[in-house]
Every structure is written in structure tokens, then in C-alpha cells.
Amino acid sequence: MSGTSLDGLDIALIDQDQRSRLLATLYRPMPERLRSDLLALCSPGHDELARAAIAEQHWVELAAAAINELLEQQNLSAQQIRAIGSHGQTVRHEPARGFTIQIGNPALLAELTGISVVADFRRRDVAAGGQGAPLVPAFHHDLFGDGQRHVAVLNVGGFSNLSLLSPGREVLGFDSGPGNVLLDAWIQHCLGLAYDRDGAWAASGSVDNELLTRLLSDPFFATQGPKSTGRELFNLDWLLGHLQTLQPLASEDVQATLVELTARSIVGALRGAQAQTDVLLVCGGGAHNACLMKRLSEMLPNTEVSSTAAEGVDPDWVEAMAFAWLAHCALEGIAGNRPSVTGAKGLRVLGAIYPA
């Protein structure tokens, strides 16, 4: 999995029987040049087709080397792996215009690893009228749904998405808004750092209510699911546009306000869609942001808020596990989407298979 944060590749080795079991992991940081090239592809630019083709070759070379390294560490051969589930790198996500684009040349990945690859998970759902995102709620239900508690699973990567698991009801899920994308963009803009470790910089600032009100006035936050979003809407330019209309603020106060934006948009969306939530399980990089986790706990006093580690699953690897599980579903002919989540016309088997 390589998410919208563009920080690196998460590789999870799972054993899939009745339940997904995490066996081993490997993280490979994204080289700065490749990160810059991929980020540039998220906006219109010169010679995009050629630049995308070259960038995805470099992305695949990075992924293949990391996969081969993980197998070597585990004393496994390529022949012992049934398939790679490769999400690829999202560079555009505009389901309202009928498309989502993840680059990642699965044919080359199969060639470099000698392992069959399942990829291109999102476009079939979009073709069926869906958002193509989020796709993890079905996996969250498989992993965390117990048929007794009202559970919400919150993935905070570049963007935040919720999976709602209630007894006797179809799984629901949707993007609630920004996760780390604005936090990372702002600290890089101001301090040249990749991210705000533990949310410490945000914790040193104070929330500016005028800025917060303006950010929350974006129409996206008033819409109900199914819905998804991406860098096309929430990006540094969007934030800077709002800041230009205000008196200058201390940079740490902007960061504190962005954490509050993430927290309030999550809690507002959760309360609107699932009034009773017994447990909120958080995964993704946001699970390590102590400032964000504190605010979620404060805003949800009647809900047990914890990372997925409380359920025995490391929060850093849930999403990578999900795409391995989706690859399993594709190979078995099992639908991987949920129309109640994405708005697709019906259940669909997701992913294209590239044999070794």
C-alpha cells in the first residue's frame, strides 16, 4: 500500500484462511525525488503521460525490491506466495467525473517478482457508478465486526475514512475529510519537516476559531455518504487561500486548527451516521498523533477510543492487509466492494489479475 501521504510503501505478508493473519511487514521510505514526481502528477502539468509512465516504473522498482527483501527475510520463495495485492499510487481521484487513477504497472511488478499481481481495485466500482472509495470497510467488517457492538473503524492516512459496523445493519463507510494531508503539507511548508511527530507542534499551538469556521464551511463537510475526496479538493493551496483572508496567524496555531478540523469533521460525520458508537478503533498514521487522539477521546466521552492495537492488529498495517485481502477476494471471485459504502449499482469483484 502506498497512500496519499506519499511517505513510503507499506508491505504486509498475510496468511488468509478464515481470518486474515499478519505474518510479517516491511516499510520502505519513498525517495524524495520519486515523492516529488508523484505529487506533481496530482495536478495538471506538461507531458503528464510520459512522466506518469516513468514515475510508475520507479514506483514498481521500489516495490519489487522491497517485496523481494521481505521474502528473503522470511526465507520464502516467490512460488510460496499466491499473489501480490497492489494498490498502486493514486494520482487523481475524481469519481464525479467518472474516473480514478492509480499508477503502478502491475505487469512490470509481476515480471520483477515472479509473483501474480492483483491490481486496479478501484475502477470497477467507479464503472458501476460508485465512488471507488473507501474500499477498506468490507475488510474492517471481516476483521473487527463482531455482531454485538456498535463499532467504528477510523483510518487516518492522508485522508480520513470511517467504517461503521453495527449489528443487523449493512456495513457503512465514507471519507470524512482530511486526515494528515493538510497537517503534513503545512509543517513541510513552514518547517521543512515531513510530518508533525506525535502531534507535538500542533499541541504547542491554539485553535483559531475563525479559521476553523471557514475551513469547516467547505460544502464537502455538509454532504452525506457515499462520498470520497482527495488532493483535488484538500491541499496546501486550499488552506493558503483561506489564510489569505485572515489576519496573520502563528504557524503552530494553524497546525492546531488543522488537527481540530480533522477531529471535528470525523466526529461530526460519525455522529451523523451512527449515533451510538461503543468503540472507535483508529488505524493509519493518525493513530500516532497524540494531539488528535486526545481530541477524539474528549469529543466522544461515551465511546472507547483506542488504536486497532487494542484488537490485536497493529494500526500501521491495517490498510496494507486490506489490499492483500482484496487480492484474495479477486482470486476467489468474491465481491470486494459494498454498495452501501461506495454507492455502486451492486456488488462487484474488484481488481485485475496479472499472472506471474
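Residues numbered from 1 in each chain as written. Predicted model: local features only at pLDDT ≥ 70, side-chain atom pairs only at ≥ 80, totals over all residues. Heavy atoms only, no water.

Digging into the overall build of the chain
Put simply, the test is: Counting from the N terminus, the helices are DSSP H or I runs at least four residues long and the strands are E runs at least two residues long. Throughout, radius of gyration means the C-alpha value; the globule benchmark is 2.2 Å times the number of residues raised to the power 0.38. The buried label goes to any residue with under 20% of its type's maximum accessible area, the exposed label to any with over 50%, and the partly exposed label to all in between, with areas taken from a 1.4 Å probe on protein chains only. Whether two residues touch is decided by their heavy atoms; if any such pair falls within 4.5 Å, the residues are in contact. All accessible-area figures derive from a Shrake-Rupley calculation using a 1.4 Å probe, and residue coverage is judged against the displayed protein chains alone. Note on charges: Lys and Arg go in the positive column, Asp and Glu in the negative column, and His and the chain ends are not counted at all. Here the site of a charge means NZ on Lys, CZ on Arg, CG on Asp, or CD on Glu.
What the chain contains, in helices and strands, is 13 helices and twelve strands. The C-alpha atoms of the chain give 20 Å as radius of gyration, which agrees with the globular expectation for 356 residues (21 Å, within 12%). Dimensions of the chain along its principal axes, counting C-alpha atoms only, are 60 × 50 × 40 Å. For the chain, with 356 residues in total, the buried portion stands at 54%. In the chain, of all internal contacts separated by at least 6 residues, the share reaching a separation of at least 24 is 69%. In the form shown here, the chain has an accessible surface area of approximately 15400 Å², with 49% of it arising from carbon and sulfur atoms. Looking at charge distribution, the chain has the averaged site of its 25 positive side-chain charges lying 5 Å from that of its 39 negative ones.

A short note on the sheet that holds strand β12 (residues 352-354)
Our working rule: Strands are treated as partners if at least two bridges between them are detected by DSSP. Angles here are taken between N-to-C directions and fall from 0 to 180 degrees, while the axes themselves are lines fitted to C-alpha atoms, restricted in helices to the stretch in contact.
Read from one edge of the open sheet, three strands run β3-β6-β12, paired in mixed fashion. In the strand order of this sheet, the two ends are held by β3 (84-86) and β12, each with one partner. Across the sheet, the axes of successive neighbouring strands diverge by a mean angle of 25 degrees, strand direction being ignored. Bridging between β3 and strand β6 (residues 117-119) involves three bridges; their strand directions are parallel.

Notes on the pairing of strand β4 (residues 89-94)
The buried fraction of β4 is high, at six of six residues. Between β4 and strand β5 (residues 99-103), which pair antiparallel in sequence order, lie four residues; one of them, Gly 98, sits at a positive phi of approximately 90 degrees.

Some details on the domain arrangement of the chain
What counts, and what does not: Either an automatic procedure or a domain database provided the assignment from which the domain bounds are taken. By convention, the term buried area covers the 1.4 Å-probe accessible surface removed from two parts as they join, with the contributions of both added. One side-chain nitrogen of Lys or Arg within 4 Å of one carboxyl oxygen of Asp or Glu is enough to make a salt bridge.
Under the domain assignment used here, the chain contains domain 1 (8-132 + 317-354) and domain 2 (135-311). Centre-to-centre, using C-alpha coordinates, domain 1 lies 23 Å away from domain 2. Facing 28 residues of domain 1, the contacting portion of domain 2 comprises 22 residues. Approximately 2200 Å² of surface area, both sides summed, lies buried where domain 1 meets domain 2, with 61% of it carried by carbon and sulfur atoms. Summed over the shared surface of domain 1 and domain 2, the number is zero salt bridges.

Observations regarding the pattern of salt bridges
Within this structure, the stated rule accounts for 14 salt bridges. Here Asp 15 ties to Arg 21 by a salt bridge, and the two come within 3.6 Å at their closest N and O atoms. Overall, the relative accessible area of 32% leaves Asp 15 in the partly exposed class. Across the pair Arg 295 and Glu 260 runs a salt bridge, and its minimum N-O distance is 2.8 Å. Here Arg 295, found in helix α11 (residues 290-299), pairs with Glu 260, found in helix α10 (residues 251-273); they are 35 residues apart in sequence, far enough to count as distant. Judged by relative accessible area, Arg 295 falls into the partly exposed class, the value being 22%. Under the relative-accessibility criterion, Glu 260 is labelled buried at 4%. Taken together, the salt bridges that share partners define one network made up of Glu 260, Arg 264, Lys 294, Arg 295 and Glu 298.

Focus on the side chain of Asp 208
Here is the rule: Polar contact criterion, stated in full: a pair of N or O atoms within 3.5 Å, where within protein one must be able to donate a hydrogen and the other to accept it, and residues adjacent in sequence count only if both atoms are side-chain atoms.
Mapping Asp 208 onto the fold places it in the loop between α7 (200-203) and α8 (209-216). No salt bridge is formed by the buried Asp 208; its nearest oppositely charged neighbour, Arg 214, is found at 7.6 Å. At 2.8 Å, the side chain of Asp 208 and the backbone nitrogen of Leu 211 are in polar contact. Residue contacts for Asp 208: discarding those within four places in its chain leaves Leu 249 and Thr 257.

A short note on the sheet that holds strand β10 (residues 279-283)
Taken in spatial order, the five strands make up an open sheet running β9-β8-β7-β10-β11, and their pairing is mixed. Two strands bound the open sheet, and with one partner strand each, they are β9 (172-178) and β11 (304-307). Pairwise comparison of adjacent strand axes, ignoring direction, gives a mean angle of 20 degrees for this sheet. As paired elements, strand β7 (residues 151-156) and β10 share five bridges and run parallel to each other. Opposite Val 153, over in β10, you have Leu 281 as the bridge partner.

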